[in-house]
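Structural features, examined
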Amino acid sequence: TPVALPLLNQTAEKEMIKKFRHDNTWLGALKSKQGWVDNDVIKIPKRGAAPTVLINNTVYPIVSNGRDDSHVVLSLNKYETTNTTVTAAELYALPYEKVSDVQEQHREELEDKTAQHALHSIAPNTNSANTPVIVCTGAPDANGRPTMRSKDVSRAKKMLDKLLVPKEGRILVLCPDHVADLLDEDRTFQTQYHNATDGLVAKSYYGFMIYESTYNPTYNNGTKVAFGAVDGPQVASVIMHNKTCFKATGSVTRYARPKELDPENRRHTIGFELYFIGIPIRDEGVGAIIS
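Note that this is a predicted model, so its numbers are computed, not measured.

Calculation rules
Residues numbered from 1 in each chain as written. Predicted model: local features only at pLDDT ≥ 70, side-chain atom pairs only at ≥ 80, totals over all residues. Heavy atoms only, no water. Helix = DSSP H or I, 4+ residues; strand = E, 2+ residues; numbered from the N terminus. Buried < 20%, exposed > 50% of the residue type's maximum accessible area, 1.4 Å probe, protein only. Contact = heavy atoms within 4.5 Å. Areas by Shrake-Rupley, 256 points an atom, 1.4 Å probe, with all protein chains shown as cover. Polar contact = N/O pair within 3.5 Å; in protein donor to acceptor, adjacent residues only side chain to side chain. Patch = residues over 30% accessible without salt bridge, like charges linked within 9 Å, V, L, I, M, F, W, Y side chains within 5 Å. Salt bridge = Lys/Arg side-chain N within 4 Å of Asp/Glu carboxyl O.

Along the protein, the regular secondary structure elements total six helices and 16 strands. The buried share among the 291 residues of the protein stands at 42%. For the protein, the share of sequence-separated contacts (at least 6 apart) that also reach a separation of at least 24 residues comes to 75%. In the structure as shown, the protein presents an accessible area of about 16500 Å², 50% of it carried by carbon and sulfur atoms.

Here's what the structure looks like:
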């Protein structure tokens, strides 16, 4: 009944958050920072200066310094679904409960879009001293795209080593083209790929946890193409570290009007609004391999 609508909305919202886990994707490997979120705003702590390590010190008293911490405050991104309508006639004619199925579809679309946006946000804009963007070195394919080779992944590992990025927690999210390249070239990768579980292709491939994604960002002349724009000519696999990249979910709102409140059309109307963010806290361990 219309009187019960607020309770139905609350139930649906709780169910959305409960199931909104990005299962079987790379995003599941990142830590959630729900504790930093308040009112759909995230307050990210920023450490102050690190202490100096003294070796065989002979000067006392040892100098004491305070540590002035700060915060970066960001609003979570707002994601909204367009409304879906379900007529009373459909409810009687279909052999399944369509309203529940529609809500499930909204959750799936929100999961896909938030993960796609997060991967784009984590990928570096361009090559820099701290965010390497490596170009593949394999022979061009039929379309002229340089193919990825295992030595490109090895080169990425070496660059992270030189940047003193911790070995534990490195993640490489491969695009479909690069997965196909490695399957053609590396039997070891092929074996691990066919034994993949829970979306994780390999627990250790040149020190990376390997995931596969179909919505990787693209580049044009080494510069990342804007989110939602026409894809660039260079496909990308994204490098990150699970200690410097995070995710957080804010509030979720279900907008619904039951057919009882729509006598002219006699149909249910359903839509969702979700706040979410997936970004790097700092550049450490962030990079890309493009071709």
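A word on the environment of Glu212. Mapping Glu212 onto the fold places it in strand β10 (residues 208-212). For the pair Glu212 and Ala202, spaced ten residues apart in sequence, the C-alpha to C-alpha distance is 10.0 Å. With residues up to four places along the chain from it excluded, the contact list for Glu212 reads Val173, Leu174, Pro176, Val179, Tyr193, Gly199 and Val201. Within the local environment of Glu212, its side chain forms a polar contact with the side chain of Tyr193, the two groups lying 3.0 Å apart.

Located in the positive-phi region is Asn39, a residue other than glycine, with phi close to 60 degrees. On the secondary structure map, Asn39 appears in the loop between β2 (37-38) and β3 (41-46). Classification of Asn39 by relative accessible area gives exposed; the value is 71%. With a phi close to 60 degrees, Leu164 is a non-glycine residue in the positive phi region.

What follows covers a nonpolar patch on the surface. A contiguous nonpolar surface patch, about 330 Å² in accessible area, is contributed by Leu54, Tyr60 and Ile62. For Leu54, a relative accessible area of 45% corresponds to the partly exposed category.

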